[in-house]
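# Commentary on secondary and tertiary structure
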Amino acid sequence: MIRRQRLAVGACALFAALTAGIAFPSGAVADETEQDAPKVELVLDVSGSMRARDIDGGTRMAAAKQAFNEVLDATPEEVQLGIRTLGANYRGNDRKEGCKDTARLYPVGPLDRTDAKAAVATLSPTGWTPIGPALLKAADDLDGGNGTRRIVLISDGEDTCQPLDPCVVAREIAAKGIGLTIDTLGLVPDAKTRAQLSCIADATGGTYTDVRHKDELRDRVGQLVDRAADPVVTPVATEGADRCERAPVLKSGLYTDREEFGQQRWYKVDVEPGQELRASVSVADDRAVNPHYGVLLRAVTAHGREIVRGEAAGTGRTDVISTGLRYPKRDSDDDSAPAETVCLQVTQSFSAAAGVKTTPGLPLELTIDVVDGPSGHHDVAAFGLGRGWWLLGALVLAGFLAGLLWGWLSRWRVSVWRTN
């Protein structure tokens, strides 16, 4: 029993020491640059199928109008909002003309609720469903500035203007690295519509939502408009090289790039003596890929010697795979010691499924953080304790002494009890 008590006290002390001593690495700190006003464009399908009466006893068009009016009333003052239509004007059967039918109903800018509502009231279900052309125009409407940019696409059918595939259009928009997100909503969608709208959203990191009731449409569009007002960190578009010598030099921040299947991308970071490099990379499969893939992030010297690596593997259960690494550079007594150029290599082993286009490449997001390193690098990897070793030793010693004292007192009490 005495032995058990000693072990319990020692275990508690050790657990407390580990809890207090382990230091978790902090995340990358983004540059605090002033952002422009957030911009949102609502892209509404006004094709003939919007006449269907299957949303709470009314037409899909009526549900969309009502939702838009309520969203316009609740739009935050700081959000610049615009409205674009597709299939609202051309009533003929000429496919070529019908696929040009996208128009700016209300320009992106400071919101005049009265004017915007008056514009929405004029809409009537008319023609084709040129989703691809509408997305291209909407991206142009939101071009410029460094604030949040979001397209909210509401449609009840798939695109009728192939071969301009809206999924490919969305990937091309994402490949520009302008930080534009496309969220999609399907009004009473069938399987093909759901698949296409999901593909569009996935390509830009957006969301897809099924909608079958008026209140669902209103609430979801309102959430997406409100989300645009939340402060975000916009990744900086960069382009990695095929080898270290040609790689761009990056500073602390968040970066986005595209990497072809099976390709390597190189980047460079300068690390001063006494600093620590923290880097992480995430690669997303924005299209159908074969299962079993991985991503490798290596830090190597300018001469090609590997310093440290991080790697992760996937089996098709997730659509994003991430890994990271840390490299502390020893401090130097020489104040004039030069910075070390560290080369970062990103390699992924994704492969496209049969019939899937391989261009543009897969989106990757790279986080770079160069911070002041710990004062002693020899113990950095030791459970992440750093200088917490002395506290761990003190607590273990205290637990051991407490166990001895507790055991001595217990034996003394037993001896007194037997004597009495």
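Residues numbered from 1 in each chain as written. Predicted model: local features only at pLDDT ≥ 70, side-chain atom pairs only at ≥ 80, totals over all residues. Heavy atoms only, no water.

Attention shifts here to the nonpolar core. Counting residues in hydrophobic clusters, the biggest one holds 31 residues, and the most contacted among them are L42, L44, I154, L185, L217, V221 and V225. For this core, the elements supplying multiple residues, two or more each, are β1 (39–45), α2 (60–74), β2 (80–86), α4 (113–121), β4 (149–155), β5 (180–187) and α8 (214–228). Setting aside chain neighbours within four positions, we find I154 in contact with V43, L44, D45, F68, L185, L187, L217 and V221. Among the nonpolar cores identified, the runner-up in size contains 27 residues, and L250, F261, Y267 and V269 belong to it. (Core = buried A, V, L, I, M, F, W, Y, C linked by side-chain atoms within 4.5 Å. Buried < 20%, exposed > 50% of the residue type's maximum accessible area, 1.4 Å probe, protein only. Helix = DSSP H or I, 4+ residues; strand = E, 2+ residues; numbered from the N terminus. Contact = heavy atoms within 4.5 Å.)

As a further point, take a negative patch on the surface. Side chains of D331, D333, D334 and D335 sit close together on the surface and give a patch of like negative charge. Tracing the backbone through its elements, the reader meets D333 in the loop between β13 (320–328) and β14 (340–348). (Patch = residues over 30% accessible without salt bridge, like charges linked within 9 Å, V, L, I, M, F, W, Y side chains within 5 Å. Areas by Shrake-Rupley, 256 points an atom, 1.4 Å probe, with all protein chains shown as cover. Salt bridge = Lys/Arg side-chain N within 4 Å of Asp/Glu carboxyl O. Lys, Arg positive; Asp, Glu negative; His and termini not counted. Charge placed at Lys NZ, Arg CZ, Asp CG, Glu CD.)

Here we take up the packing of aromatic side chains. A ring pair, where both rings are aromatic, is described by two values, the distance of the centres and the angle of the planes. Taken as a whole and assessed by the stated rule, the structure comprises one aromatic pair. Seen in terms of ring centroids, Y293 and F350 are 4.3 Å apart; in terms of plane orientation they differ by 20°. Their pairing is stacked. Here Y293, found in strand β11 (residues 293–300), pairs with F350, found in the loop between β14 and β15 (362–372); they are 57 residues apart in sequence, far enough to count as distant. Comparing Y293 with F350 shows no difference in burial state: the two are buried. (Phe/Tyr/Trp six-rings, centres within 6.5 Å; stacked < 30°, edge-to-face > 60°.)

An order of β9-β14-β11-β12 is seen for the four strands of this open sheet, with the pairing classed as antiparallel. The open sheet is flanked by β9 (264–271) and β12 (306–314), the only strands paired with a single partner. Put simply, the sheet's adjacent strands are angled 15° from each other on average, direction ignored. (Pairing = 2+ DSSP bridges. Axes fitted to C-alpha atoms, helices over the stretch in contact; angles between N-to-C directions.)

Before going further, it helps to examine the pairing of β15. Counting buried residues along β15, nine of its eleven residues qualify, which places the element largely inside the surrounding structure. Pairing geometry for strand β8 (residues 253–259) and β15, over seven bridges, is antiparallel. Following the sheet pairing, R258 is matched in β15 by P363. Where strand β10 (residues 275–284) and β15 come together, nine bridges link them in antiparallel fashion. Among the inter-strand pairings, S280 is bridged to a residue of β15, identified as T367.

Read from one edge to the other, the open sheet built from five strands follows the order β7-β8-β15-β10-β13, with strand pairing classed as mixed. Because the sheet does not close on itself, it has two edges, and the strands there are β7 (236–237) and β13.

Inspection of the secondary structure assignment puts S47 in the loop between β1 and α2. Using a relative accessible area of 1% as the deciding quantity, one classes S47 as buried. Sequence separation between S47 and A88 is 41 residues, and the spatial gap between their C-alpha atoms is 6.3 Å. The contact partners of S47, leaving out residues within four places of it in the chain, are L86, G87, P125, T126, G127, W128, T129 and D156.

This part takes up the state of the cysteines. Covalently bonding the sulfur atom of one cysteine to the sulfur atom of another cysteine gives a disulfide. Counted by the stated rule, this structure contains three disulfides. Paired by a disulfide, C99 and C161 hold their sulfur atoms 2.0 Å apart. Measuring the twist about the S-S bond at about -100°, one finds the C99-C161 disulfide to be left-handed. Of this pair, C99 sits in the loop between α3 (95–98) and β3 (102–109) while C161 sits in the loop between β4 and α6 (166–175), and the two are 62 residues apart along the sequence. Accessibility classification places C99 together with C161 in one group, the buried group. (Disulfide = S-S within 2.5 Å.)

A separate point is the packing of α2 against α8. The interhelical angle for the contact between α2 and α8, taken along N-to-C directions, is 35°, at an axis separation of 9 Å. Relative to α8, α2 is oriented so that their crossing is right-handed. For the pair formed by α2 and α8, the contact residues are A63, A64, Q66, A67, E70, V71 and A74 on the first element and K214, L217, R218, V221, G222, V225 and D226 on the second. Looking at side-chain class alone, the contact of α2 with α8 contains eight nonpolar, two polar and four charged residues. (Left-handed = near helix turned anticlockwise from the far one by under 90°. Nonpolar A, V, L, I, M, F, W, Y, C, P; charged D, E, K, R; others polar.)

Let us look at the confidence of the model for the chain. Summing up the model confidence of the chain, the mean pLDDT is 83 and the portion of residues at 70 or higher is 86%. Ranking the elements of the chain by mean pLDDT puts helix α1 (residues 2–21) last, at 40, and β1 first, at 96. Note on residues 1–32: pLDDT under 50 across the span, and 35 contacts to partners over four residues away in sequence or across chains. This stretch, residues 376–386, has a pLDDT under 50; its non-local contacts, to residues over four places away or in other chains, come to 18 contacts. (pLDDT = per-residue confidence, 0-100.)

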